[in-house]
Amino acid sequence: MSYAFLANAANTGDKLTFGGSQGSMWQAFAGMAVVFGLLMLFMKLLGKINKRGGKSDSTILTIWHLGPKREIQVLRLGDQVHYIYRHDGSMVILKEESYEQYLLNHETEANDAHTDPFWKKLLTQKNTIQESQTTA
């Protein structure tokens with residue numbers, strides 16, 4: 001982009017002085033918009049490159065929040081699952097198991113739990129308030 005274009009882009013309008021040279025407020029806003037646009041484009045490009053290049057088997061499976069700055073993270077690193085307690089700047093490994101064992105444990109928990117969504121439970125549940133009023 002040529003500087004002559006930016007200098008003449010907003011020739012009409014109120015002129016402001018920026019460090020002794022004259023400039024327009026519109027030029028300043030246009031320059032900021034161009035810089036932020038290029039920054040956003042660059043960040044998206046880096047994100048796509050990072051996703052393509054990072055074909056590793058490391059993911060965060062779940063996080064259990066225990067309070068302010070305290071949590072247990074369940075991390076998958078390759079074929080192993082690590083339970084890590086984090087508090088401020090410290091980390092402690094609580095347990096390690098294989099990924100297959102983790103899937104077996106959580107598959108049985110998911111089967112034991114009732115998997116209906118909340119809205120379905122709410123709509124199919126009988127209204128106990130009305131029943132108690134009509135029977136009393």
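Everything quoted here is computed from the prediction, not taken from an experiment.

K.L.:
When you look at the pattern of salt bridges in this model, what are you seeing that I'm missing?
P.N.:
Proximity of charged atoms lets side chains of opposite charge pair with each other. Tallying each qualifying case throughout the model produces two salt bridges. Residues R86 and E71 are paired through a salt bridge, measuring 3.3 Å at the closest nitrogen-oxygen approach. On the criterion of sequence distance, the pair formed by R86 in strand β5 (residues 80-87) and E71 in strand β4 (residues 70-77) is long-range, its members being 15 residues apart. For K95, the salt bridge goes to E97, with nearest N and O atoms at 3.7 Å.

K.L.:
Explanation requested: the packing of aromatic side chains in the structure shown.
P.N.:
Any two aromatic rings considered together are summarised by their centre-to-centre distance and by the angle between their planes. Counting across every chain of the model gives three aromatic pairs. When the ring of W64 is compared with that of Y83, the centres are 6.2 Å apart and the planes differ by 25 degrees; the resulting orientation is stacked. Of this pair, W64 sits in strand β3 (residues 58-67) while Y83 is found in strand β5, placing the two residues 19 residues apart along the sequence. Given the relative accessible area of 10%, Y83 is considered buried. Across the ring face of Y99, the terminal group of R76 is positioned such that the distance to the ring centre comes to 3.8 Å.

K.L.:
Quick question: what am I supposed to make of a positive patch on the surface here?
P.N.:
A contiguous patch of positive charge on the surface is contributed by K44, K48, K51 and R52. By secondary structure assignment, the location of K51 is in helix α2 (residues 25-53).

K.L.:
It is not clear to me how the sheet that holds strand β6 (residues 90-98) should be interpreted in this structure. Could you clarify?
P.N.:
The strands making up a sheet associate through hydrogen bonds between their backbones, and the pairing can be parallel or antiparallel. Taken in spatial order, the four strands make up an open sheet running β3-β4-β5-β6, and their pairing is antiparallel. One side of each edge strand has no neighbouring strand; the edge strands of this open sheet are β3 and β6. Across the sheet, the axes of successive neighbouring strands diverge by a mean angle of 20 degrees, strand direction being ignored. Relative to β5, β4 is paired through eight bridges, and the arrangement is antiparallel. Its bridge partner lying in β5, L75 is registered against H82.

K.L.:
Would you mind showing me how to read the nonpolar core here?
P.N.:
Nonpolar side chains in soluble globular proteins generally cluster together in the buried interior. Counting residues in each nonpolar core, the largest one holds five residues, listed as V74, V81, Y83, Y99 and Y102. Sorting the residues of this core by element identifies β5 and α3 (99-112) as the ones contributing at least two each. In this view, V81 contacts L61, V74, L75, R76, K95, E96, E97, S98, Y99 and Y102; residues no more than four positions away in its chain are not counted.

K.L.:
Even after reading the chapter, I still don't get the side chain of Q73, so can you show me in this structure?
P.N.:
Following the sequence through the fold, Q73 ends up in strand β4. Polar contacts involving the side chain of Q73 include one to the side chain of E71, which spans 2.8 Å. In this structure, Q73 is in contact with T62, I63, H82, Y83, I84 and R86, ignoring residues within four places of it in sequence.

K.L.:
So what exactly am I meant to see when it comes to the pairing of β5 here?
P.N.:
Looking down a regular strand, the side chains alternate between one sheet face and the other. Connecting β4 to the next strand, β5, in antiparallel fashion are two residues, including G78 with a positive phi near 70 degrees. Both β5 and β6 contribute to a ladder of eight bridges, which runs antiparallel. Each bridged residue has a counterpart across the sheet, and for I84 the counterpart in β6 is I93. Between the antiparallel neighbours β5 and β6 lie two residues, among them D88 with a positive phi of about 50 degrees.

Reading the values: rules and limits
- Throughout, a residue's number is its position along its own chain's written sequence, starting from 1.
- Reporting of local features is limited, given that this is a predicted model, to residues whose pLDDT is at least 70; pairs of side-chain atoms are given and counted only at 80 or more, and all residues count toward the totals for whole chains, interfaces and linings.
- Calculated side-chain values reflect all of the structure's heavy atoms, with hydrogen atoms and water omitted.
- Here, a salt bridge means any Lys or Arg side-chain nitrogen found within 4 Å of an Asp or Glu carboxyl oxygen.
- The way it works is that DSSP assigns letters per residue, a run of H or I at least four long becomes a helix, a run of E at least two long becomes a strand, and they are numbered from the N terminus.
- Only centres within 6.5 Å qualify two rings of Phe, Tyr or Trp (six-membered ring in Trp) as a pair; their planes then separate them into stacked at under 30 degrees, edge-to-face at over 60, and tilted for everything else.
- Here the term buried applies to any residue with accessible area under 20% of the maximum for its type, exposed to any over 50%, and partly exposed to those in between, with areas from a 1.4 Å probe on protein chains only.
- Comment: the charge-over-ring label is applied if NZ (Lys) or CZ (Arg) is within 6 Å of the ring centre and within 35 degrees of the ring normal.
- Residues enter a patch when their relative accessible area is above 30% and they make no salt bridge; the linking distance is 9 Å between like charges and 5 Å between nonpolar side chains (Val, Leu, Ile, Met, Phe, Trp, Tyr).
- Where accessible areas are quoted, they stem from the Shrake-Rupley method and a 1.4 Å probe; at the residue level, only the protein chains shown are allowed to cover.
- Charge assignment: positive for Lys and Arg, negative for Asp and Glu; neither His nor the chain ends contribute.
- All charge positions are set by atom: Lys at NZ, Arg at CZ, Asp at CG, Glu at CD.
- Strand pairing follows a simple DSSP-based rule, namely that at least 2 bridges must link the two strands.
- All axes here are fitted lines through C-alpha atoms, helices being fitted over the stretch that makes contact, and every angle between N-to-C directions spans 0 to 180 degrees.
- In plain words, nonpolar cores are sets of buried Ala, Val, Leu, Ile, Met, Phe, Trp, Tyr and Cys residues tied together by side-chain atoms within 4.5 Å.
- A contact between two residues is defined here by any heavy atoms of the two lying within 4.5 Å.
- Polar contact is the term for a pair of N or O atoms within 3.5 Å; when the atoms are in protein, one must be able to donate a hydrogen and the other to accept it, and sequence-neighboring residues count only if both atoms are side-chain atoms.

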